[in-house]
Amino acid sequence: MLVCQCNMITSQEIEDIVLDLLRADPWQLVVPAKVYSELNRRAKCGGCVPNVVDIIVRVTENYHSQQAQQSGEVLSLPTGLEKLKQQRSGVRRERRSTSHRAA
């Protein structure tokens with residue numbers, strides 16, 4: 001499907017670029033500007049940007065769900081948050097000493 005008429009970019013081209021970016025670094029934030037940069041083009045009228053965002057979200061979700069199924073290690077959000085809380089417990093979050101607090 002043709003996504004960007006100004007640059008003649010298809011949805012398959014965008015999907016391929018997003019997958020390549022995710023394979024290079026699965027945790028990077030893929031944004032339309034990065035996709036256009038990889039294609040050596042730029043968004044001219046900007047009408048296609050919402051569609052590009054939808055494709056990026058769909059491909060990224062599919063990629064991460066496939067990676068989670070392959071690794072077999074899926075943590076639920078509450079479990080992951082509990083682990084983070086346990087790691088961070090006892091850590092001072094402010095650099096000021098307690099005697100310098102205003103309240």
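Our structure is the block above this text.
Residues numbered from 1 in each chain as written. Predicted model: local features only at pLDDT ≥ 70, side-chain atom pairs only at ≥ 80, totals over all residues. Heavy atoms only, no water.

All right, on to the overall build of the protein then. Scanning the protein from N- to C-terminus turns up 4 helices and 2 strands. The secondary structure elements of the protein, listed N-terminal to C-terminal, are β-β-α-α-α-α. Taking all 103 residues of the protein together, the buried fraction comes to 22%. Restricting to contacts in the protein with at least 6 residues of sequence separation, those with at least 24 account for 53%. Accessible area of the protein: about 7,900 Å², with a carbon and sulfur share of 52%. (Helix = DSSP H or I, 4+ residues; strand = E, 2+ residues; numbered from the N terminus. Buried < 20%, exposed > 50% of the residue type's maximum accessible area, 1.4 Å probe, protein only. Contact = heavy atoms within 4.5 Å. Areas by Shrake-Rupley, 256 points an atom, 1.4 Å probe, with all protein chains shown as cover.)

Moving on, we come to the nonpolar core. One finds Ile 14, Val 18, Val 30 and Val 35 to be the most contacted residues of the largest nonpolar core, which totals 18 residues. Mapped by element, the contributors of at least two residues to this core are strand E1 (2-4), helix H1 (11-24), helix H2 (32-38) and helix H3 (49-71). (Core = buried A, V, L, I, M, F, W, Y, C linked by side-chain atoms within 4.5 Å.)

With that settled, the discussion passes to unusual backbone geometry. Here the phi dihedral of Met 8 falls at roughly 55°; this positive angle occurs in a residue that is not glycine. For Met 8, the location among the structural elements is in the loop between E1 and strand E2 (9-10). Looking at Met 8, the relative accessible area reads 54%, which means it is exposed. Of note in the backbone geometry, Asn 40 takes a positive phi value of approximately 60° without being a glycine.

On to H1. The end-to-end C-alpha distance of H1 is 20 Å, a good match for the 20 Å that 14 residues give at a rise of 1.5 Å each. Residues Ser 11, Ile 14, Glu 15, Ile 17, Val 18, Leu 21 and Leu 22 constitute the buried set of H1. In a view along the axis of H1, the buried residues occupy a sector of 165°, so they form one face of it. Of the residues in H1, the exposed ones pointing more than 90 degrees away from the buried face are Arg 23 and Ala 24. (Expected span 1.5 Å × (residues − 1). Arc of directions from axis to C-beta.)

Applying the stated rule across the entire model yields 2 salt bridges. One salt bridge connects Glu 15 with Arg 58, and the closest N-O pair in it is separated by 3.0 Å. Of this pair, Glu 15 sits in helix H1 while Arg 58 is found in helix H3, placing the two residues 43 residues apart along the sequence. Given the relative accessible area of 18%, Glu 15 is considered buried. Using a relative accessible area of 38% as the deciding quantity, one classes Arg 58 as partly exposed. Residue Arg 23 pairs with Asp 20 through a salt bridge whose shortest N-O separation is 3.3 Å. Of this pair, Arg 23 and Asp 20 both sit in helix H1, 3 residues apart, which is roughly one turn of the helix. (Salt bridge = Lys/Arg side-chain N within 4 Å of Asp/Glu carboxyl O.)

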